[in-house]
Amino acid sequence: PFYDRKTNLYHVSYQSSLDLANADWGDIAWRSATSSDLISWDLHHEPTLIPDTAYDGKGVFTGCKVPSRDDSLTYVYTSIGALPIHHTLPHLVGSESLSMAKSFDNGKTWQKFAGNPILPSEPEDLEVTGWRDPFVNSWPSMAAALGRDSENTLFGIISGGIRDVTPTTFLYAIDANDLTQWQYIGPLVNFGLNMRPSRWSGDLGKNWEVTNFVTLKDEIDPSITRDFLVMGTEGCLPSALLQAGDESPCDASSGPSRPVRGQ
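Every chain is numbered on its own, with residues counted from 1 as its sequence reads. Totals for whole chains, interfaces and linings use every residue, but because this is a predicted model, local features are given only for residues with pLDDT of at least 70 and side-chain atom pairs only at 80 or more, for both listing and counting. The side-chain numbers reported here are obtained from all heavy atoms of the structure, hydrogens and water having been left aside.

Section: the overall build of the protein chain
Thought 1: The helix and strand tally for the protein chain stands at two helices and 14 strands.
Thought 2: In summary, the protein chain has a C-alpha radius of gyration of 19 Å against a globular reference of 18 Å for 263 residues, a match within 12%.
Thought 3: Projected onto its principal axes, the C-alpha coordinates of the protein chain cover approximately 55 × 50 × 45 Å.
Thought 4: Of all 263 residues assigned to the protein chain, the portion counted as buried reaches 44%. Here a strand is any run of E in DSSP of at least two residues, a helix any run of H or I of at least four, and the numbering for each starts at the N terminus. Only C-alpha atoms enter the radius of gyration; for comparison, a globular chain is expected to reach 2.2 Å times N to the power 0.38, where N is the number of residues. The buried label applies to any residue whose accessible area, calculated with a 1.4 Å probe on protein chains only, is under 20% of its type's maximum; exposed applies above 50%, and partly exposed to all values in between.

Structure representation (structure tokens):
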């Protein structure tokens, strides 16, 4: 979701099957909706982005709006070139790539970048459990921690995990003046597999999806800030606190009942 100041419209894009008459998962594209008040929405039934190239022919998966300095709205998204994909399966290098699309008519139509994919695969020499769902924004506290120019640097994170090591999100520094330039910095966290923050919670799983970052300030003292990651977790272990036969929220989204993407 994002707000376009030029048109005073809120935009939301969402994954959708190309076949609206069929509720089964498959042929994943994007459709969109706009609103002036976040209450009434105008649904645009024609797809915004469709899987029609070699690099995204198996699906246009999750992405996000990117702050751009030209006269456009800009998306980056996970382009899928091969299926199935699941954290329990070997990950085919290049099956998930990063692509970009732009709109120069306030989101009415979108054109894929001619140089797609802007990142053809996960970092070299890493065996990942997944590599998808980019999230991009400015991040002044991260820029300060890394000694980067916060005015001209955006940060991107791509969710996944390092097989048999940890779930994580992969951190990139992006040239704010050239959104095709992504520099890999490294995995943002390493908690190990199935790290459990407390005895009252589920664990952090083996693979992450759709991770976002946000910095919150103290209302009384704005100099006090905290950085947060919000993620979806896969591969969690059953919780000992649950009654036999129950599922935790984490297990419900990551257990055998969840279909492998592409099957």
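The rest of the description comes next.
Structural notes on the pattern of salt bridges
Thought 1: A carboxyl oxygen of Asp or Glu within 4 Å of a side-chain nitrogen of Lys or Arg is what we treat as a salt bridge. Scanning the entire structure with this criterion turns up eight salt bridges.
Thought 2: The partner of Asp71 in a salt bridge is Lys6, with the nearest N and O atoms 2.9 Å apart. Of this pair, Asp71 sits in the loop between strand E5 (59–66) and strand E6 (73–80) while Lys6 sits in the loop between strand E1 (2–4) and strand E2 (9–17), placing them 65 residues apart in sequence. Here Asp71 and Lys6 have matching classes, each one exposed.
Thought 3: Note that Arg132 and Glu209 form a salt bridge whose closest N and O atoms lie 2.8 Å from each other.

Regarding a nonpolar patch on the surface
Thought 1: A surface patch of nonpolar side chains, amounting to about 370 Å² of accessible area, comprises Tyr14, Leu38, Trp41 and Leu43.
Thought 2: Along the chain, Tyr14 falls in strand E2.
Thought 3: Given a relative accessible area of 30%, Tyr14 falls into the partly exposed group. What goes into a patch is any residue over 30% in relative accessible area without a salt bridge, connected to like charges within 9 Å or, for nonpolar side chains (Val, Leu, Ile, Met, Phe, Trp, Tyr), within 5 Å. Here, Shrake-Rupley sampling with a 1.4 Å probe gives the accessible areas, and only protein chains in the shown set may cover a residue.

Overview of empty space enclosed by the protein
Thought 1: The rule is simple: put a 1 Å grid over the protein atoms alone, call a set of points where a 1.4 Å probe fits but cannot get out a cavity, call an open set with protein on both sides within 12 Å along at least five of seven lines a pocket, and count a residue as lining if it has an atom within 4 Å of a point. Grid points are joined across faces, edges and corners, and a volume is the space filled by probe spheres set on the points. The final tally for this structure, using the stated rule, is one cavity of 30 Å³ or more.
Thought 2: Volume-wise, the largest cavity comes out at about 30 Å³.
Thought 3: Sorting the residues of the lining of the largest cavity by element identifies strand E3 (28–35) and strand E4 (42–49) as the ones contributing at least two each.
Thought 4: Its residues assigned to classes, the lining of the largest cavity comprises three nonpolar, six polar and no charged. Three residue categories are used. Nonpolar comprises Ala, Val, Leu, Ile, Met, Phe, Trp, Tyr, Cys and Pro, charged comprises Asp, Glu, Lys and Arg, and polar comprises the others, including Gly.

Some thoughts on the side chain of Thr166
Thought 1: Here Thr166 is to be found in strand E11 (residues 166–175).
Thought 2: Among the residues examined, Thr166 registers a relative accessible area of 1% and is labelled buried.
Thought 3: Under the rule applied, a polar contact is a pair of N or O atoms within 3.5 Å (in protein, one hydrogen donor and one hydrogen acceptor; residues adjacent in sequence only if both atoms are side-chain atoms). Within the structure, Thr166 has its side chain in polar contact with the backbone nitrogen of Gly192 (distance 3.2 Å).
Thought 4: Residues in contact with Thr166, not counting those within four places in the same chain, are Gly161, Val189, Asn190, Phe191, Gly192, Leu193 and Lys206. For this analysis, residues touch if any pair of their heavy atoms sits within 4.5 Å.

Here we look at the layout of surface pockets
Thought 1: By volume, the largest pocket amounts to about 450 Å³.
Thought 2: Along the wall of the largest pocket there are 22 residues; nearest its centre are Pro1, Gly63, Cys64, Lys65 and Phe135.
Thought 3: Those elements giving two or more residues to the lining of the largest pocket turn out to be E2, E5, strand E9 (128–137) and strand E13 (207–217).
Thought 4: Here the lining of the largest pocket is built from residues that sort into 12 nonpolar, eight polar and two charged.
Thought 5: The space that makes up the second largest pocket amounts to roughly 240 Å³.
Thought 6: If you go around the second largest pocket, you meet 14 residues; those closest to its centre are Ser32, His44, Gly107, Lys108 and Thr109.
Thought 7: Looking at the lining of the second largest pocket element by element, the count peaks at four residues for E4.
Thought 8: Split by residue class, the lining of the second largest pocket holds three nonpolar, nine polar and two charged.

Observations concerning the pairing of strand E10 (residues 153–162)
Thought 1: In terms of residue burial, E10 counts as a mostly covered element, since 10 of its 10 residues are buried.
Thought 2: Neither face of E10 is exposed, since Thr153, Phe155, Ile157, Ser159 and Gly161 on one face and Leu154, Gly156, Ile158, Gly160 and Ile162 on the opposite face are all buried.
Thought 3: Two elements, E9 and E10, share seven bridges in a ladder whose sense is antiparallel. Paired with Asn137 across the strands is Phe155, a residue of E10.
Thought 4: Note on pairing: DSSP must find at least two bridges between two strands before they are called paired. With 10 bridges connecting them, E10 and E11 associate as antiparallel partners.

Comments concerning the packing of aromatic side chains
Each aromatic ring pair is summarised here by two numbers: the centre-to-centre distance and the angle between the ring planes.
Thought 1: The rule is short: rings of Phe, Tyr and Trp, with Trp giving its six-membered ring, pair when the centres are within 6.5 Å, and they are stacked under 30 degrees, edge-to-face over 60, tilted in between. Scanning the model with the defined rule gives 13 aromatic pairs in all.
Thought 2: With centroids separated by 5.0 Å and ring planes inclined at 85°, the aromatic side chains of Phe135 and Phe213 adopt a geometry described as edge-to-face. Within this pair, whereas Phe135 is found in strand E9, its partner Phe213 is found in strand E13, the two being separated by 78 residues in sequence. Neither residue differs from the other here; Phe135 and Phe213 are each classed as buried.
Thought 3: Ring geometry for Phe170 against Tyr184: centres 6.5 Å apart, planes inclined by 50°, an arrangement best described as tilted. Taken as a pair, Phe170 in strand E11 and Tyr184 in strand E12 (residues 178–187) lie far apart in primary sequence, 14 residues in all.
Thought 4: In this structure Phe170 comes out as buried when scored by relative accessible area, which is 0%.
Thought 5: By relative accessible area, which is 30% here, Tyr184 ends up partly exposed.

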